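Architecture at a glance
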Amino acid sequence: MFGFGVPELLIILAIVMVIFGASRLPEIGGALGKTIRNFKKASEGKDEIEIKAKEV
């Protein structure tokens, strides 16, 4: 995985936490997961992509 080991990933995670804050990490992770899921669906040839409005 790009030559990253555990120490490097921990340093990257610490930097992300400082930049975005711990409270936003679950939101960012959820958005990243949806993006990867939609990309996989699109690459499999399925035409439907999940798009939902953000609930307030």
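You'll find the structure just up there.
All of the points below concern the structure found in this document. (Residues numbered from 1 in each chain as written. Predicted model: local features only at pLDDT ≥ 70, side-chain atom pairs only at ≥ 80, totals over all residues. Heavy atoms only, no water.)

A few words on the overall build of the protein chain. Helix and strand content of the protein chain: two helices and zero strands. Roughly 5,300 Å² of accessible area belongs to the protein chain as shown, and the carbon and sulfur atoms make up 67% of that amount. (Helix = DSSP H or I, 4+ residues; strand = E, 2+ residues; numbered from the N terminus. Areas by Shrake-Rupley, 256 points an atom, 1.4 Å probe, with all protein chains shown as cover.)

Tallying each qualifying case throughout the model produces one salt bridge. Its salt-bridge partner being R24, residue E27 comes within 3.7 Å of it at the nearest N-O pair. We classify E27 as partly exposed; its relative accessible area is 44%. When its relative accessible area of 41% is taken as the criterion, R24 is described as partly exposed. (Salt bridge = Lys/Arg side-chain N within 4 Å of Asp/Glu carboxyl O. Buried < 20%, exposed > 50% of the residue type's maximum accessible area, 1.4 Å probe, protein only.)

On the surface, a cluster of nonpolar side chains totalling about 380 Å² of accessible area is made up of V6, L10, L13 and M17. If you trace the backbone, V6 turns up in helix α1 (residues 6-20). (Patch = residues over 30% accessible without salt bridge, like charges linked within 9 Å, V, L, I, M, F, W, Y side chains within 5 Å.)

So, to be careful, I would describe these as geometric facts and stop short of saying anything about function.
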